[in-house]
Amino acid sequence: MGTNEPFIAGDGEGPRRPVRLRAFELETTTVTNARFAAFVAATGYVTEAERFGWSPVFRLLLPQGARYMPTTGPTPWWVRVDGAFWKAPEGPGSDLSGREDHPVVQVSWNDANAFAKWCGGRLPGEAEWEHAARGGLPDPRFPWGDDEPGDDNVLCNIWQGSFPRFNTLADGYLGTSPVTAFQPNGSGLYGMAGNVWEWTVDAYRIHSVGREAKERNEQALRDGDKVVKGGSFLCHKSYCYRYRIAARSFMSADSSTSNAGFRVAYDG
């Protein structure tokens, strides 16, 4: 796993290192809204976003006139929306009509674990995820190989245009797409790049002995950060070049957003 040619070295993409894995299975798609709805109906589960009463939403997904609370800092395109949760991912007035086969979003790491346990599975490890994403290829940059996706070469659901102000919609989607909208990799897995970030079971850690890495790892431990993989519909090479297999990011375990979902793994 990992790479010796990191594009975002501060994320801990490297070094490339061997990892021994036991046999495992991975679902071919991320969990859909329809499946998560069945889980909630069967168990009465209440997500963390529902308990908190709000969740972050990508601003351009909101209908005109929607109420939200602006945020400050380096990512003003994220806003707080009271009442946003998995069933109303853009807040009050939104629903899942026509998105039953899209990945469920606004689900935390804890929510994802609850679903996985219900269906007899678990979240994948980061190394398992990377191995599966390669689809049998020796060392591809992307799940399909090394062909670079972009504004004129649509291979997955990422941002086209100038982030975050203008999206050409060359792939047909401003937000999420159906989980099987694009071609699977060599192992038959859909959406391993783009669409939604995918939770893994692993705590976020940078493999380095440097002072900055040590400080970041200590902070990640305090915050309960978990590794997410695969990038999302908001990624673009100019801003968030994290839809590569070796790329990685993090979210705290209780976080939920418009662009994070999960898929389920099983012991082999």
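Keep in mind the model is a prediction, meaning the values are calculated, not measured.

### Section: the side chain of Asn195
On the secondary structure map, Asn195 appears in the loop between strand S5 (166–167) and strand S6 (197–203). By relative accessible area, Asn195 is classed as buried at 6%.

### Brief notes about the pattern of salt bridges
Tallied over the entire structure, the rule returns 18 salt bridges. Linking Glu27 and Arg35 is a salt bridge whose minimum nitrogen-to-oxygen distance equals 2.7 Å. Of the charged contacts in the structure, one is a salt bridge between Arg80 and Asp82, with a shortest N-O distance of 3.1 Å. The network of salt bridges with shared partners includes Glu126, Glu130, Arg134, Lys229 and Arg248.

### As for the nonpolar core
Residues Phe36, Trp86, Trp199 and Phe262 are the most contacted members of the largest nonpolar core, which totals 33 residues. Elements that contribute at least two residues to this core include exactly helix H1 (33–43), helix H3 (109–118) and S6. Here this core gets 4 residues from one element, more than from any other, and that element is H3. Residues within four places of Phe36 in sequence aside, it is in contact with Val31, Thr47, Trp86, Val104, Val107, Phe115 and Phe262. Listed in part, the 9 residues of the second largest apolar core include Phe24, Leu26, Ala133 and Ala265.

The rules behind each value
Residues numbered from 1 in each chain as written. Predicted model: local features only at pLDDT ≥ 70, side-chain atom pairs only at ≥ 80, totals over all residues. Heavy atoms only, no water. Helix = DSSP H or I, 4+ residues; strand = E, 2+ residues; numbered from the N terminus. Buried < 20%, exposed > 50% of the residue type's maximum accessible area, 1.4 Å probe, protein only. Salt bridge = Lys/Arg side-chain N within 4 Å of Asp/Glu carboxyl O. Core = buried A, V, L, I, M, F, W, Y, C linked by side-chain atoms within 4.5 Å. Contact = heavy atoms within 4.5 Å.

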